[in-house]
Every structure is written in structure tokens, then in C-alpha cells.
Amino acid sequence: MSYLEIKDLQTHFTQRTGTFFSPGKHVVRAVDGVTLNLEKGEILGLVGESGCGKSTFSRTIMQLIASTSGTVILDGENLSNLPPAEVRRRRLDFQMVFQDPYASLNPRMTIFSTLAEAVRQRHPQLKGDALFSRVETLMATVGLDAKVMRKYPHEFSGGQRQRIAIARALAPEPKLIIADEPVSALDVSIQSQILNLIKKLQKELDLTMIFISHDLGVVHYIADRIAVMYKGKIVESGPAGEVFHNPQADYTKRLLASIPKLAAV
Ligand SMILES: Nc1ncnc2c1ncn2[C@@H]1O[C@H](COP(=O)(O)OP(=O)(O)OP(=O)(O)O)[C@@H](O)[C@H]1O
Ligand SMILES: [Mg+2]
């Protein structure tokens, strides 16, 4: 049994089309029958062009959007069948890191408050010195000086904000992290620092991870295995080196050809 088992997952959206007098409906099959397994401690890179369904897929796994059909089984437990309160409890085990750390951090909360709140999701009783020292440790884990914990998100650079967002994701001690384009908004030089940090943390904490990017080069750098998504379906998957150096699907070959040569990390 794999740690995460996704079976024939479908997430469709119905969009209204036409006019008031002749209304119509159009169904977008954002996730269209995805079957994937993830072993514990593995990084799966999910790659595909904008609009192919990557974010919808991750939000469906997190149970933030209801699937149309299919199942998500995490550590033997079928998440699709759980009542909402139980999903909230389980969600502590799987956290997300988003593309835009500024939008995902509360601008009115200091770094300390943001991280303390996230720590207390798992340990509601923690306070005082114990809470402070846990936040200090988290900051050190992502390479931030504890002296800056009373500052607000706008006082940091993009790379530092992404470090804070990563610390926040780690605070509830998750087992699975879904990182949705976590480096796409960063300068290339900062991208590699954050990629290296994610790689290091994944190893140290034995995290299972889905790392999403539209850039096959970035995914090859970080992932053990790559799944290529096109129009809601997985068109190719396999060990990262094989998919990158010997792609089988025409779509993967096109993705590979589109990587700017200087962007290699
Ligand atoms: N809430 C929604 N309602 C209707 N359609 C949606 C909704 N969310 C996403 N879609 C559609 O589903 C498809 C997949 O979108 P999604 O955001 O998952 O793609 P993506 O691969 O993450 O793209 P990007 O790389 O730009 O982030 C798109 O056609 C999008 O327009
Ligand atoms: Mg997206």
C-alpha cells in the first residue's frame, strides 16, 4: 500500500455559457481521471502548462474542492468519505505552500503570530517559552534569524517570505506537503536557494511531497519521479531522470524543448 493513493480522480467545473435567452453549459474537466501513487518520503514532481489542472488537482487532494469522482487515500484512510470535522483534523497532516507567499501570509500578523498560530493548530496547549522556542526552531530550520520574528510580511524580500511560508507549512508537523509553484514568483538566483531548502527539509523530515511547476527543469532538479499533466490527464510518468532525458510522450518532448537554456538550476 502506498502512502498516498489517488484513483481515477475527476474534478469538473460547470461554466455557464451563451446568453440569457439561450443559456448553455460547458463542463471543464480540470482533473480528468488521474491515478497516481506516492511512496512515503518521495517527491513527485507534477509538471504541465498553465491551465492543465495542477492547482485543481492539488486542491482536490487537500479536500479544499470536492472531487466529481474518484478516491484519495492517505495512509490507508479514504479522505473523500470523511466528515468535514475529521477532514480538518487530518488536514494538519498535509500542508500547502503556494506560489505567492505575500498573498498567502496575513499582512497584519507578525511572523511570530503567524508561526505560533500554525504551531498551535497541532499543539493548542503550547504557550509561553515553549511556544517561543518552537517558533525560534522553525525559523532556524528555514534559515531565518529569530531576531526578525516581530516583523511583518511586507518587511521581507520574496525569498524570505517564501521561507516564512515554508516554516508555516511545517509548523503543524505535516507528513505530506503539496508545493504549488513555490518558486515561480522568485528570481532565478533565489529560486535555487529555495529549491535547495525544500530538498534539504524533505530529507531531514522524511516528508512526502508533491512539487508542482510548469518548468520541467525545476521539477527534474527536485523530484524523484515526474508526472506530466496535459488537459487534466497524466500523459507520462516515471523516474525523474528517465522522463527528463528520454521522454516518451510528444507533449513531454515539447515541454522539454520549451525550457530556456539559461534557466537550468
Ligand atoms: N473554480 C473554478 N471554476 C471554473 N473553472 C475553474 C475553476 N478553477 C479552475 N478552473 C479551470 O480549470 C482548469 C485548470 O485550472 P488550474 O488552475 O487547476 O490549472 P493550473 O495547471 O494550476 O494552471 P496555472 O499553471 O496557471 O496555475 C482551467 O481551465 C481553469 O480555468
Ligand atoms: Mg496553478
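Residues numbered from 1 in each chain as written. Chains lettered and ligands numbered in written order. Predicted model: local features only at pLDDT ≥ 70, side-chain atom pairs only at ≥ 80, totals over all residues. Heavy atoms only, no water.

*Asks:* Would you mind going over helix α7 (residues 188-205) with me for this structure?
*Replies:* Because an α-helix packs 3.6 residues into every turn, residues spaced three or four apart end up facing the same way. Compared with the 26 Å implied by 1.5 Å per residue over 18 residues, the 26 Å span of α7 between its first and last C-alpha is a close match. Burial in α7 covers these residues: Q191, I194, L195, L197, I198, L201 and Q202. Buried residues along α7 cover an arc of 160 degrees about the axis, so they all sit on one side. Exposed positions of α7 whose direction lies more than 90 degrees from the buried face are K203 and E204. Looking at the buried positions of α7, the neighbouring elements they touch are β3 (43-47), α5 (128-141), α6 (158-170), β8 (208-213) and α8 (216-222). At the C-terminal side of α7, D206 shows a positive phi close to 50 degrees. (Helix = DSSP H or I, 4+ residues; strand = E, 2+ residues; numbered from the N terminus. Expected span 1.5 Å × (residues − 1). Buried < 20%, exposed > 50% of the residue type's maximum accessible area, 1.4 Å probe, protein only. Arc of directions from axis to C-beta. Contact = heavy atoms within 4.5 Å.)

*Asks:* I tried to follow the side chain of Q95 on my own but got confused; where do I start?
*Replies:* Mapped onto the secondary structure, Q95 falls in strand β6 (residues 94-97). Within the structure, the side chain of Q95 is placed 3.1 Å from the backbone oxygen of R91, a separation counted as a polar contact. Sequence-distant contacts of Q95, defined by excluding residues within four places in its chain, comprise M62, A169, P172, P174, L176, I177 and I178. (Polar contact = N/O pair within 3.5 Å; in protein donor to acceptor, adjacent residues only side chain to side chain.)

*Asks:* Could you clarify how one ought to interpret the domain arrangement of the protein in this entry?
*Replies:* Size of an interface, as often reported, equals the accessible area lost when the parts are brought together. Along its sequence, the protein is organised into domain 1 (4-93 + 174-263) and domain 2 (102-172). Taking only C-alpha atoms, the centre of domain 1 and the centre of domain 2 are 26 Å apart. Listed per partner, the contact involves 15 residues of domain 1 and twelve residues of domain 2. The junction of domain 1 with domain 2 conceals about 1100 Å² of combined surface from both sides, 70% of it contributed by carbon and sulfur atoms. When the buried surface of domain 1 facing domain 2 is broken down by residue, L92, P174 and L197 rank first, second and third, together holding 41% of it. Linking domain 1 to domain 2 there are three residue pairs in polar contact (both at pLDDT 80 or more). With eight residues, the single largest contributor to the side of domain 1 that touches domain 2 is α7. Grouping the amino acids of the side of domain 1 that touches domain 2 by side-chain chemistry returns twelve nonpolar, one polar and two charged. (Domains from an automatic or database assignment. Buried area = accessible area lost by both parts, 1.4 Å probe. Nonpolar A, V, L, I, M, F, W, Y, C, P; charged D, E, K, R; others polar.)

*Asks:* Would you mind going over the UniProt feature "domain: ABC transporter" (unreviewed entry) in the protein with me for this structure?
*Replies:* Per the UniProt entry, the sites bearing "domain: ABC transporter" (unreviewed entry) are residues 4-256 in this numbering. Within the segment residues 4-256, helix and strand shares are 38% and 28% respectively, and the terminal C-alpha atoms sit 27 Å apart. (UniProt positions renumbered as here; feature names shortened; annotations may be inferred.)

*Asks:* It is not clear to me how the site of ligand 1 should be interpreted in this structure. Could you clarify?
*Replies:* Residues in contact with ligand 1 amount to 13 residues; listed here are only the nearest, S50, G51, K54, S55 and T56. S50 has a polar side-chain atom sitting 2.5 Å from an oxygen atom of ligand 1. Between C52 and ligand 1, the recorded distance is 3.2 Å, taken from a backbone N or O atom to an oxygen atom. Protein chains shield 61% of the accessible area of ligand 1, which is 640 Å² for the free molecule. (Near = heavy atom within 4 Å. Areas by Shrake-Rupley, 256 points an atom, 1.4 Å probe, with all protein chains shown as cover.)

*Asks:* Just checking my understanding: could you explain the sheet that holds strand β7 (residues 176-180) for this structure?
*Replies:* Adjacent strands of a sheet pair through backbone hydrogen bonds, lying either parallel or antiparallel. With mixed pairing, the six strands of this open sheet are ordered in space as β6-β7-β8-β3-β9-β10. Strand pairing shows two members of the sheet lacking a second neighbour, β6 and β10 (233-239), which therefore form its edges. On average, each strand axis in the sheet is tilted by 15 degrees relative to the strand beside it, whichever way the strands run. Sheet analysis places β6 next to β7, joined by four bridges and oriented parallel. What sits directly across from M96, in β7, is I178. Relative to strand β9 (residues 225-230), helix α10 (residues 250-257) is tilted by about 100 degrees, and along the sheet it contacts β3, β9 and β10. (Pairing = 2+ DSSP bridges. Axes fitted to C-alpha atoms, helices over the stretch in contact; angles between N-to-C directions.)

*Asks:* Please clarify how the packing of helix α4 (residues 111-122) against α6 should be interpreted in this entry.
*Replies:* Geometrically, a packed helix pair is captured by the angle between its two axes and the distance between the axes. The N-to-C vectors of α4 and α6 enclose an angle of 25 degrees; their axes lie 8 Å apart at closest approach. Taken together, the axes of α4 and α6 are roughly parallel relative to one another. The chirality of how α4 crosses α6 is right-handed. Contact residues: α4 offers I111, T114, L115 and A118, while α6 offers I164, A167 and R168. For the contact of α4 with α6, a count of residues per class yields five nonpolar, one polar and one charged. (Parallel < 35°, antiparallel > 145°, perpendicular 65-115°, else oblique. Left-handed = near helix turned anticlockwise from the far one by under 90°.)

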